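Structural description and commentary
Here is what each chain is made of, one letter per residue.
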Amino acid sequence: LGDVYKRQIFMGLGNISITGNYPEVSKDIMLSKLNILKEPFLENFNPNINDRIDRIKRIQKLVEENIDAFHKSLREDFGSRHEQLSLMADTMPVINNAKHALKNIKKWVKQDNRKPNFPLGLLGSKAYVQFQPYGVVGIISPWNFPLTLSIAPLIEIFAAGNNAMIKLSEFVPATSELTEKLINKYFTEKEVVIINGGPQTSQSFAGLPFDHLLFTGSTNVAKKVASEAASNLVPMTLELGGKSPAIVSSNAKMKKSVDKIMMGKLLNAGQICVSPDYVFVQEDQTEEFVQHAKDHVAENYPTIKNNPDYTSIIHLNHFERLNELVQDAKSKGATVIEINPAQEDFSQQEHHKIVPTLILNPTDDMKVMQEEIFGPLMPVKTYKDFNETVNFINKNPKALALYYFGDDKTEMNNVLDNTSSGQAVMNDVLFQFSMHDLPFGGVGPSGMGAYHGYDGFKNFSHKRSVLKGQNILDAGKMITAPFTESTEKNIKRLT
């Protein structure tokens, strides 16, 4: 399993070597830290709301006071990543999530009143759901958005009254080390603990007896993490990926649709779990799609090689993997269009950059149609009849996101009613992730459970049922032995 983690902890994307020089952290050391985090729950299982608010404010303060340092560390880890992208995708989401939670937490923690069965409710029984913290939530976070996918969920975990232990990614060592330093500055070891280490540490971490575990990564690695967690029956939230399709209707506004799709594909060089993974285009509109894609790149990225606006691929092994996907598609007959507006030479470069690449007419046997891409490669499939798109989507594993572009309500309803995905987005991309009041999560192989905002608070809370009885009617006496004709009537009334 250690070898599996070494290969796959990098979002499950092929054979990856480990970056950074982290020493492994033993399971015993992590277990001792976990026990310290669990201590407060032995005495008080319902932390004061003021303490929860204070913790969330400290997360917000941690990011706001160190925002430039985080942007610098992210640029160092990626090699080329613009600070405005880090502002948009990592630091501001944490700040905004904190503000949203602080605004709503007093409403979230209120009991959820329910109706007891008749006639017990009429006679004075009360029923409600109490939101309790699980205890200690473990977080295994990935490298692509290392703050948004580690510290941001911590906000909802704290809102629910939990403590946390976080295993950060070794593929962004500068950011992981800075995060650990700052967490230790703003929080105590009885609130949250950061773990930095290599693949063996990740394996041991997944096997700890947490009260809940949040894993963000690939489906392949999730199977290994779930297997480890199962030894302690740890409930899990899995935020995975998959091949998220985008459908361009024949009636779509083509330029506007292509601009949005290419924005979603090229942001962070496609290293986003909800990035459009492949696109469907009506057969006779392929050339138009390609031309608009070229125009989009030329307008937004007139140069690429030394352009800080265009993010580099995180690591050499991932860079090589993406190039192998292209070569595999070429060898199997696909038409490959590399969009390189300035005709730059990438044979030698400081960073690992790959130009936006369209792969036309991909077939199912190509690796680019079998693996989550996680890069600036866009397979373009064609269709004659719209139902072909729905049928193709349904015969493949359920994706994290599904995008539709067009104004045909019949087609839109066809997509919404006859497909399954973690999220469905009409005429836009990516922004579903930023909606505080929409749960974010997958389905089937793209994940289980969902969080963000109130849904995150509920996801990281145990929903305990509470019934308060009444003294007017002894219902138990009415349905217990000796069983008579009268008892039968009472059973039918009361149950």
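Quick caveat: nothing in here was measured; it's all calculated off a predicted structure. (Residues numbered from 1 in each chain as written. Predicted model: local features only at pLDDT ≥ 70, side-chain atom pairs only at ≥ 80, totals over all residues. Heavy atoms only, no water.)

**As for the overall build of the chain**
Our working definition: Helical segments are the DSSP runs of H or I of at least four residues, strand segments are the runs of E of at least two, and each set is numbered from the N terminus. With C-alpha atoms as the basis for the radius of gyration, the globule rule is written as 2.2 Å multiplied by the number of residues raised to the power 0.38. Classification of residues uses two cut-offs on accessible area relative to the type maximum, computed with a 1.4 Å probe and protein chains only: under 20% is buried, over 50% is exposed, and between them is partly exposed.
Broken down by element type, the chain carries 18 helices and 18 strands. Its C-alpha atoms give the chain a radius of gyration of 25 Å, within 12% of the compact-globule value 23 Å for 495 residues. Each of the three principal axes of the chain carries a C-alpha extent, and together these read 85 × 55 × 40 Å. Each of the 495 residues in the chain was classed as buried or not, and the buried ones make up 56%.

**Here's the deal with the pairing of strand S7 (residues 236-239)**
Inclusion rule: Think of it this way: DSSP has to see at least two bridges between two strands before they count as a pair. If the strands point away from the viewer and the path from the first strand over the helix to the second runs clockwise, then the crossover is right-handed.
Residues Met236 and Leu238 line one face of S7 and the alternating positions Thr237 and Glu239 line the opposite face, and both faces are buried. Pairing of strand S6 (residues 212-216) with S7 involves four bridges; the strand directions are parallel. Bridging across to S7, Thr216 finds its partner in Glu239. The β-α-β motif built from S6, the intervening helix H10 (residues 219-230) and the parallel element S7 has right-handed crossover chirality. Bridge count between S7 and strand S16 (residues 447-448): two bridges; the pairing is antiparallel. Across the sheet, the residue bridging to Glu239 is Gly447, located in S16.

**Side note on the sheet that holds strand S8 (residues 245-248)**
Just so we agree on the cut-off: To get an axis, fit a line to the C-alpha atoms, keeping to the stretch in contact for a helix; angles then go from 0 to 180 degrees between the N-to-C directions. In this analysis, two residues are considered to be in contact whenever any of their non-hydrogen atoms come within 4.5 Å of each other.
In spatial order, the strands read S10-S11-S12-S9-S8-S13-S14; together these seven strands make up an open sheet with mixed pairing. The strands lining the two open edges of the sheet, one partner per strand, are strand S10 (335-338) and strand S14 (421-426). The sheet shows a mean angle of 20° between the axes of neighbouring strands, direction not considered. Bridge count for strand S9 (residues 278-282) against strand S12 (residues 377-383) is four bridges, and the pairing is parallel. Looking at S12, one finds that Gln282 is bridged to Tyr383. Of the strands in this sheet, S9, S10, strand S11 (357-360) and S12 touch helix H12 (residues 286-300), which is tilted by about 130° from S9.

**Describing the environment of Ala98**
Examined against the element boundaries, Ala98 turns out to sit in helix H6 (residues 83-108). The buried category is assigned to Ala98, whose relative accessible area is 0%. For the pair Ala98 and Pro116, spaced 18 residues apart in sequence, the C-alpha separation works out to 36 Å. When residues no more than four places from it in sequence are discounted, the contact partners of Ala98 are Ile56, Gln60 and Ile155.

**Overview of the pattern of salt bridges**
As a reminder, the rule being used: Salt bridges are defined by distance alone: a side-chain nitrogen of Lys or Arg within 4 Å of a carboxyl oxygen of Asp or Glu.
Using the criterion set out here, one finds 15 salt bridges in the structure. Here Asp54 makes a salt bridge to Arg58, at a shortest N to O gap of 2.8 Å. Taken together, the positions of Asp54 and Arg58, both in helix H4 (residues 49-65) and four residues apart, correspond to about one turn of that helix. Relative accessible area serves as the criterion here: at 38%, Asp54 is assigned to the partly exposed category. For Lys253, the salt bridge is made with Asp407, and the minimal N-O distance between the two is 3.1 Å. Of this pair, Lys253 sits in the loop between S8 and helix H11 (254-266) while Asp407 sits in the loop between strand S13 (399-405) and helix H15 (409-418); the two residues are 154 residues apart in sequence, bridging distant segments of the chain. The network of salt bridges with common partners includes Asp54, Arg55, Arg58 and Glu191.

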